[in-house]
Amino acid sequence: MRHTTYILLTFCLSISWLSTLAQKEVLYSQYLVNPMAINPAFAGVRTDFNMTLGFRGRLFSFLSQNSQQIATPITQTFAADGQLGVSRFGLGFQVLNDRNSTLGNVGLTTNLSYRIDLPNRARLFVGVQGGVNILPIVGTGTNLGGSSALLSYGVGIYYDADRFFWGVSAPELNSKAFGLGGFLYRQPVYIQVGSKLDLTESFKLIPSVVLSRAGSEPLAVDLNARV
């Protein structure tokens, strides 16, 4: 029996960044290992079934000013996607559990894409996503109100060819405010452009750039590469 091992090395340089308020946006920072985080159309681009499990935590805790309790920020994510049989449809699923000081977020999102075959083995994917974010207060002594379930929905397109790929997406179109503190969903727009370069018969270099903008925030530029 033959086994194939994949080694993924990533590098990302952030030229600037967005000042975000929405708890759900922590998911977007993981787009290198889970491209569906910024583009719903990526569901099914990899025809095989794929699963991604992520955990992020800080090495220190901090004292919450509202609750006067020690809080350790953690983020847990799970994502799965793949092509639906031999059809042109792709299906994806994402789960987010985020805890940061007195606020927390549990998010569930489903992604659906449709593939359009183009000449020279190129493919264009059109995708939508919908889900719900539950925003509870996990600390005490706050005046932000109780838990709320907010709808989440977005759209995207993704072009994939042998040597080149690009995508344009708006993964969060809801702008509803949450709580008395005025915590808002942002409405970021992402543009991603990249290429696929053969280093050897076994290794491939995939550099790309991601431009993002949310409201009146400054333009963010992320330069990254995968091997």
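Here, every reference points to the structure presented above.
Residues numbered from 1 in each chain as written. Predicted model: local features only at pLDDT ≥ 70, side-chain atom pairs only at ≥ 80, totals over all residues. Heavy atoms only, no water.

**Student:** Help me understand the overall build of the protein chain, please; the structure alone is not making it clear to me.
**Tutor:** Check the secondary structure of the protein chain and you find zero helices and 16 strands. By the burial criterion, 41% of the 227 residues in the protein chain qualify as buried. Within the protein chain, contacts between residues at least 6 apart in sequence are counted, and of these 54% link residues at least 24 apart. A total of about 12,600 Å² of accessible surface is found on the protein chain, and carbon and sulfur atoms cover 62% of it. (Helix = DSSP H or I, 4+ residues; strand = E, 2+ residues; numbered from the N terminus. Buried < 20%, exposed > 50% of the residue type's maximum accessible area, 1.4 Å probe, protein only. Contact = heavy atoms within 4.5 Å. Areas by Shrake-Rupley, 256 points an atom, 1.4 Å probe, with all protein chains shown as cover.)

**Student:** Help me understand the pattern of salt bridges in this model?
**Tutor:** Where charged atoms from two side chains of opposite charge approach closely, those side chains can pair. For the coordinates displayed, the defined rule picks out eight salt bridges. When the shortest N-O distance is used, the salt bridge between Asp81 and Arg46 registers 3.0 Å. One end of the pair, Asp81, is in strand β5 (residues 74-83); the other, Arg46, is in the loop between β1 (10-14) and β2 (50-57), and 35 residues separate them in sequence. For Asp160, the salt bridge goes to Arg123, with nearest N and O atoms at 2.8 Å. Here Asp160 is found in strand β9 (residues 148-160), whereas its partner Arg123 is found in strand β8 (residues 123-135), with 37 residues between them in sequence. Judged by relative accessible area, which is 9%, Asp160 ranks as buried. Using a relative accessible area of 17% as the deciding quantity, one classes Arg123 as buried. (Salt bridge = Lys/Arg side-chain N within 4 Å of Asp/Glu carboxyl O.)

**Student:** It is not clear to me how unusual backbone geometry should be interpreted in this structure. Could you clarify?
**Tutor:** As a rule of thumb, non-glycine residues mostly have phi less than zero, and peptide bonds are mostly trans rather than cis. One non-glycine residue, Asn120, lies in positive phi territory at about 60°. The backbone of Arg121 sits at a positive phi, close to 65°, despite the residue not being glycine. Note that Arg121 resides in the loop between β7 (103-117) and β8.

**Student:** Sorry if this is basic, but what is going on with the nonpolar core here?
**Tutor:** Nonpolar side chains tend to gather and get buried jointly when the protein is soluble and globular. Among the nonpolar cores identified, the biggest contains ten residues, and these are Met36, Ala41, Phe42, Ala43, Val45, Ala79, Phe125, Tyr158, Phe165 and Ile206. If sequence neighbours within four positions are ignored, Ala43 has contacts with Met36, Asp81, Gly90, Leu91, Gly92, Asn111 and Ser113. Counting residues in each nonpolar core, the second largest holds six residues, with Leu32, Ile38, Tyr190 and Val210 among its members. (Core = buried A, V, L, I, M, F, W, Y, C linked by side-chain atoms within 4.5 Å.)

**Student:** Looking at this model, I keep getting lost on the packing of aromatic side chains. Mind explaining?
**Tutor:** Here the distance between the centres and the angle between the planes together describe a pair of aromatic rings. Evaluation of the coordinates by the stated rule reveals five aromatic pairs. When the ring of Phe42 is compared with that of Tyr158, the centres are 5.3 Å apart and the planes differ by 90°; the resulting orientation is edge-to-face. Of this pair, Phe42 sits in the loop between β1 and β2 while Tyr158 sits in strand β9, and the two are 116 residues apart along the sequence. According to the relative accessible area criterion, Tyr158 is buried, its value standing at 6%. Where Tyr158 meets Phe165, the ring centres are 6.2 Å apart and the plane angle is 20°; that geometry is what we call stacked. Grouping aromatic residues by their ring pairs yields a cluster made of Phe42, Tyr158 and Phe165. (Phe/Tyr/Trp six-rings, centres within 6.5 Å; stacked < 30°, edge-to-face > 60°.)

**Student:** Honestly, the pairing of β9 in this entry has me stumped. Any pointers?
**Tutor:** Side-chain positions along a regular strand alternate between the two faces of the sheet. As paired strands, β8 and β9 are joined by 13 bridges and run antiparallel to one another. Looking across to β9, one finds that Asn133 is bridged to Leu150. With six bridges joining them, β9 and strand β10 (residues 164-170) adopt antiparallel strand pairing. Within the sheet, the bridge partner assigned to Tyr159 lies in β10 and is Trp166. With antiparallel pairing between neighbouring strands as the criterion, β9 and β10 make up a hairpin whose turn holds three residues. (Pairing = 2+ DSSP bridges.)

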